[in-house]
Amino acid sequence: MTSAKLRPLPAEVITLLDQLTPCPRLVEHLRIVHDVACRLCDWVAATFPELAFDRDAVLFGAATHDIGKTLHPEELSGPGSCHEQAGYDLLTAQGVCPSRARFARTHAAWNPTDPDELLVSLSDKVWKGRRVAALEQDLITLLATASGRPEWEIFQALDDFVTTIETDSLLF
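The rules behind the values
- Residues numbered from 1 in each chain as written.
- Predicted model: local features only at pLDDT ≥ 70, side-chain atom pairs only at ≥ 80, totals over all residues.
- Heavy atoms only, no water.
- pLDDT = per-residue confidence, 0-100.
- Helix = DSSP H or I, 4+ residues; strand = E, 2+ residues; numbered from the N terminus.
- Core = buried A, V, L, I, M, F, W, Y, C linked by side-chain atoms within 4.5 Å.
- Buried < 20%, exposed > 50% of the residue type's maximum accessible area, 1.4 Å probe, protein only.
- Contact = heavy atoms within 4.5 Å.
- Axes fitted to C-alpha atoms, helices over the stretch in contact; angles between N-to-C directions.
- Left-handed = near helix turned anticlockwise from the far one by under 90°.
- Nonpolar A, V, L, I, M, F, W, Y, C, P; charged D, E, K, R; others polar.
- Polar contact = N/O pair within 3.5 Å; in protein donor to acceptor, adjacent residues only side chain to side chain.

Put simply, the protein has an average pLDDT of 92, and 95% of its residues get 70 or more. No element of the protein has a lower mean pLDDT than helix α9 (residues 151-169), at 89, and none a higher one than helix α3 (residues 55-64), at 98.

Turning next to the nonpolar core. Counting 37 residues, the largest nonpolar core has Leu 40, Trp 43, Val 44, Leu 122, Leu 139, Leu 143 and Leu 158 as the members making the most contacts within it. The set of elements that each furnish at least two residues to this core consists of α2 (24-47), α3, α7 (115-126), α8 (133-147) and α9. Of all the elements, α2 adds the most residues to this core, at 9 residues. Residues in contact with Trp 43, not counting those within four places in the same chain, are Phe 48, Ala 157, Leu 158 and Phe 161. In terms of nonpolar packing, the next biggest core, distinct from the first, is built from 16 residues, Val 13, Leu 26, Val 96 and Ala 104 among them.

This paragraph deals with the environment of Glu 166. Following the sequence through the fold, Glu 166 ends up in helix α9. Distance in space between the C-alpha atoms of Glu 166 and Gly 78 is 22 Å, their sequence separation being 88 residues. Not counting residues within four places of it along the chain, the set of residues in contact with Glu 166 comprises Val 126, Gly 129 and Arg 131.

For the pair α3 and α7, interaxial distance at closest approach is 9 Å and the crossing angle is 40°. Once α3 is placed against α7, the crossing between them reads as right-handed. Taking contact as the criterion, the partners of Ala 57, Val 58, Gly 61 and Ala 62 in α3 are, on α7, Asp 116, Leu 119 and Val 120. Here the contact of α3 with α7 is built from residues that sort into 5 nonpolar, 1 polar and 1 charged.

Moving on, we come to the side chain of Asp 116. Note that Asp 116 resides in helix α7. Relative accessible area serves as the criterion here: at 9%, Asp 116 is assigned to the buried category. A polar contact is formed between the side chain of Asp 116 and the backbone nitrogen of Asp 54, at a distance of 2.9 Å. The residues contacting Asp 116, other than those within four sequence positions of it, are Phe 53, Asp 54, Ala 57, Val 58, Arg 102 and Phe 103.

As for its position among the elements, Asp 56 is in helix α3. Along the primary structure Asp 56 and Gln 85 are separated by 29 residues, whereas in three dimensions their C-alpha atoms are 22 Å apart.

Structure follows, in structure tokens:
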């Protein structure tokens, strides 16, 4: 999947990025994670329609989760978590409501009962082939509770979906 094939970012996010002027590498990362979040939201809505989640919030969160790296560019190529609180503060200073800005803080340490946070976090992990068992299990548990389906069945479905994302990411 090349950059040209990625879904466009939400207009609200494009406006924010124009104001904050992040480096191209960060913008591309946000576009990739947003695209994965679109695919994940589509899959969850089609496969588990019983799970209530806020698609717009998830897509906004995926498209802005690392915005704090505009202030901590060293974390683009190395470890660090300073960008998380900085991103939240940056977004709220731009007038983004806290319930949407929260994804900048929670994408690395999510609430296991919040489907929106789980979907943003998973999108940020799987695009690069990173599997986080605890994150996936939290989502599986929510999906099982919402759908009444057994966890093993949901595990298989999620594993198949994530494998498709991983395979596609080889083309990035």
